[in-house]
Amino acid sequence: MLAHKIKDGKCPNCGEKAVYSSTEENSSIWKVYVKCEEDDGGCGRDFGRVGVIKRSNIDHTDQMHEKAEKIAEKFVD
Ligand SMILES: [Zn+2]
């Protein structure tokens, strides 16, 4: 599972950059997770699963990452 920093996405708890990651649930759904990385100096707060993306709504992986980041941004400052 690859984690990506959320642009302008700070953890509401500690102010460090939060990250999002997406994992393939099955052939038609991606799950999006948000976390504040302890390894990166954050507080380790886990926001859990913040949303899902239907594969039918995207054409390629880049688009999925854009959508994942948009969803993730709603959960951080
Ligand atoms: Zn934090």
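Remember, it's a predicted structure, so these values are computed and weren't measured experimentally.

### Some details on the coordination of the zinc ion
Then, number 1: Coordination of the zinc ion by the protein comes from Cys11 (SG), Cys14 (SG), Cys36 (SG) and Cys43 (SG), over a distance range of 2.3 to 2.4 Å.
Then, number 2: Bound by four donor atoms, the zinc ion shows angles of 100 to 113° at the metal and therefore tetrahedral coordination geometry.
Then, number 3: Every donor residue of the zinc ion comes from the same chain, spaced as C-x2-C-x21-C-x6-C. Here Cys14 is found in the loop between strand 1 (3–10) and strand 2 (17–24), whereas its partner Cys36 is found in strand 3 (residues 29–36), with 22 residues between them in sequence.

### Here's the deal with the pattern of salt bridges
Then, number 1: Throughout the structure, instances matching the rule amount to three salt bridges.
Then, number 2: Between Arg55 and Glu24 there is a salt bridge; the shortest N-O distance is 2.8 Å. Remark: Glu24 occurs in strand 2 and Arg55 occurs in the loop between strand 4 (46–54) and helix 1 (61–73); sequence separation between them is 31 residues.
Then, number 3: The residue Glu25 makes a salt bridge to Lys31 at a minimum N-O spacing of 2.8 Å.
Then, number 4: By relative accessible area, Glu25 is classed as partly exposed at 43%.

Thresholds applied
- Throughout this document, residue positions are counted from 1 along each chain, in the order its sequence is written.
- Where local features are concerned, this predicted model is filtered to residues with pLDDT of at least 70; where side-chain atom pairs are given and counted, the filter is 80 or more; whole-chain, interface and lining totals use all residues.
- Excluded from the side-chain calculation are hydrogens and water; included are all heavy atoms of the structure.
- Donor atoms: N, O and S within 2.8 Å of the metal, or within 3.2 Å for Na, K and Ca. Because water is excluded, sites can look incomplete.
- A four-donor site is classed as tetrahedral when every donor-metal-donor angle falls between 85 and 135 degrees; four donors are called square planar, and six octahedral, when trans pairs exceed 155 degrees and all remaining angles lie between 65 and 115, with any other arrangement labelled irregular.
- Secondary structure elements follow DSSP: runs of H or I no shorter than four residues count as helices, runs of E no shorter than two count as strands, and numbering proceeds from the N terminus.
- The salt bridge definition used is simple: a Lys or Arg side-chain nitrogen within 4 Å of an Asp or Glu carboxyl oxygen.
- When a residue's accessible area, from a 1.4 Å probe over protein chains only, is under 20% of the maximum for its type it is buried; when over 50% it is exposed; and in between it is partly exposed.

So, to be careful, I would describe these as geometric facts and stop short of saying anything about function.
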